Structures are given as C-alpha cells and as structure tokens.
Amino acid sequence: VDESRLGEHVVAHLGFAPGGYAELAVTDADRLHPVPPGLDHAGAVAMIGTGRTAMGVVQFAEPGPGDVVLVPAAAGGLGTLLVQYARNAGATVIGLAGGPAKTALVAANGADLAVDYTEPGWAGRLGAHAGKVTVVYDGVGGDVARTAVGLLAPGGRHVVFGWSSQGLAADRPYLVDGVSVN
Ligand SMILES: NC(=O)c1ccc[n+]([C@@H]2O[C@H](COP(=O)([O-])OP(=O)(O)OC[C@H]3O[C@@H](n4cnc5c(N)ncnc54)[C@H](OP(=O)(O)O)[C@@H]3O)[C@@H](O)[C@H]2O)c1
C-alpha cells in the first residue's frame, strides 16, 4: 500500500473471505474505504454491510420528490437506512414498525408518518396516502406485504429483498388493481 495510507482509519468488506470479526484482518488495499470523521467503528461496519445492501435495494426503484415510499420494518437495520435515503431524496416516507417504541424511532429518523403495524387495521392510519403509495421497500413479506401492496398506486413498485415474516404466503396471491402479481 502507498505509505501515505499507513495509519488511515478504514473499513472493508472481506467478501467471501472469513475472518471479519478478528482483531486483525488482511484485504486488498483497493477494498478499503476511509472512515469519515465522526463515524465510529460500529457505524462504519453497519454502513459497509447493511448500507451496501440499502444502496443495492434503492437502485431498483430510486425514490424522488413526488414519490410516496412505504417501508415495512422501518426501525430495522435496512429500514432505518431506507427511510433516511428516501427522505433525503425528497420523497414522502411512511415507516411501519412493531410497537410504540419502534414507531417513535421511525418518526425520529425522519419519516413523515410512522405506523404501528401490529395494530389491527393499521392500513387505515395511512389516510389520504392509501392507494397513492409509489414504492414499497419490502423486507418483511407475508400479510404485511400483502396489505402494503394493496396500498400501491397504479404503476407502483414493490421491491422485495427479504421475508422476515417467513414468507410471501403464496397460497393467497397479491392483488394490484385487481390483477394477481404473485
Ligand atoms: N442487512 C442486510 O444487509 C440484508 C441483506 C439481504 C437481505 N436482507 C433481508 O432484509 C430484511 C431486513 O434485514 P435487516 O438487516 O434490516 O433486519 P433487522 O434489522 O433484523 O430487521 C428485521 C425486522 O423485521 C421485522 N419483522 C417483521 N416480522 C418479523 C418476524 N416474523 N420475525 C422477525 N422480524 C420480523 C422486525 O421489525 P418489527 O418489530 O418492527 O416488525 C425486525 O426488527 C431481512 O428479511 C433480511 O433477510 C438484509
């Protein structure tokens, strides 16, 4: 490595190489990312892992002003970053989370609306946003996703990157505008 980089504060994803939890690790210099001032090790590792995934998710449906973005599990690792990303892109952001402590986190993270999706009939809390959602970033699946997809506007996008709730419940297809999409 160029000697000017010796002592630099860096973070790297080791790819398929094991050993990321060791105190010392070796990787190619071109895999290193400088850690900006103010970001601690825990934050840097979260960004190189979950942050990288979040950037991969949004490339399938880039949010912008005029979008209404719905984020299930918005207090989770990816959900937190997706809420921030969509807000910073100028979208209206609705974050769903389980319980009042998590919905408070989602609101503090900048969501325009934070809804507790463990409450029966939670979709009714979206008010005028119902049927106007343009993007769902979905890592939960199951009944939550089914309800979320039903809130999409025509042409809205459902980006699936996980199934934390254990599945898409394929026995009951999603309906968008009366058309089965699953
Ligand atoms: N992190 C990554 O880099 C990455 C990469 C590829 C795929 N994924 C997928 O993306 C999804 C989110 O990842 P994450 O890292 O953000 O996970 P996370 O921080 O653990 O968040 C997952 C959240 O999902 C919600 N959830 C809903 N139903 C659940 C259930 N039945 N059991 C457990 N949790 C449930 C919970 O939030 P509430 O309590 O608010 O419901 C939970 O906190 C996962 O499906 C994961 O497999 C993640």
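The sections below set out a description of the structure shown in this document. All values derive from a computational prediction rather than experimental measurement.

Observations concerning the nonpolar core
Logical step 1: In terms of nonpolar packing, the biggest core is built from 21 residues, with Val 69, Val 71, Leu 82, Val 83, Val 93, Val 106 and Tyr 137 touching the most fellow members.
Logical step 2: For this core, the elements supplying multiple residues, two or more each, are α1 (41-58), β3 (68-71), α2 (77-88), β4 (92-97) and β6 (133-138).
Logical step 3: The dominant element in this core, judged by the number of residues it contributes, is α2, at 5 residues.
Logical step 4: Those residues in contact with Val 69 that lie beyond four places of it in its chain are Pro 63, Ala 86, Ala 91, Thr 92, Val 93, Ile 94, Val 135 and Tyr 137.

Details of the packing of α1 against α2
Logical step 1: Viewed as axis vectors pointing N to C, α1 and α2 meet at an angle of 55°, and their least axial separation amounts to 9 Å. Regarding the angle of α1 to α2, the classification is oblique. When the axes of α1 and α2 are compared, the crossing they make is right-handed. Contact residues: Met 47, Thr 50, Gly 51, Thr 53, Ala 54, Met 55, Val 57 and Val 58 in α1; Gly 77, Leu 78, Leu 81, Leu 82 and Tyr 85 in α2.

Here's the deal with the sheet that holds β4
Logical step 1: As summarised here, the arrangement of the 5 strands in space is β5-β4-β3-β6-β7, forming an open sheet in which the pairing is parallel. Each edge of the open sheet is held by one strand with a lone partner, namely β5 (113-116) and β7 (152-160). Neighbour-to-neighbour, the strand axes of the sheet open up by a mean angle of 20°, direction not taken into account.
Logical step 2: As paired strands, β3 and β4 are joined by 4 bridges and run parallel to one another. Counterpart to Val 68 in the pairing with β4 is Thr 92.

Some thoughts on the layout of surface pockets
Logical step 1: Counted as a void, the largest pocket has a volume near 650 Å³.
Logical step 2: Together, 22 residues line the largest pocket, and Val 11, Ala 12, Leu 14, Gly 20 and Ala 25 are the ones closest to its centre.
Logical step 3: Going through the elements one at a time, β1 (10-11) and α1 are the ones with two or more residues in the lining of the largest pocket.
Logical step 4: Top contributing element to the lining of the largest pocket by residue count: α1, with 5 residues.

Scoring rules and cut-offs
Residues numbered from 1 in each chain as written. Predicted model: local features only at pLDDT ≥ 70, side-chain atom pairs only at ≥ 80, totals over all residues. Heavy atoms only, no water. Core = buried A, V, L, I, M, F, W, Y, C linked by side-chain atoms within 4.5 Å. Buried < 20%, exposed > 50% of the residue type's maximum accessible area, 1.4 Å probe, protein only. Helix = DSSP H or I, 4+ residues; strand = E, 2+ residues; numbered from the N terminus. Contact = heavy atoms within 4.5 Å. Axes fitted to C-alpha atoms, helices over the stretch in contact; angles between N-to-C directions. Parallel < 35°, antiparallel > 145°, perpendicular 65-115°, else oblique. Left-handed = near helix turned anticlockwise from the far one by under 90°. Pairing = 2+ DSSP bridges. 1 Å grid on protein atoms, 1.4 Å probe; cavity = no way out; pocket = protein on both sides within 12 Å on 5 of 7 lines; lining within 4 Å. Points joined across faces, edges and corners; volume = space filled by probe spheres on them.

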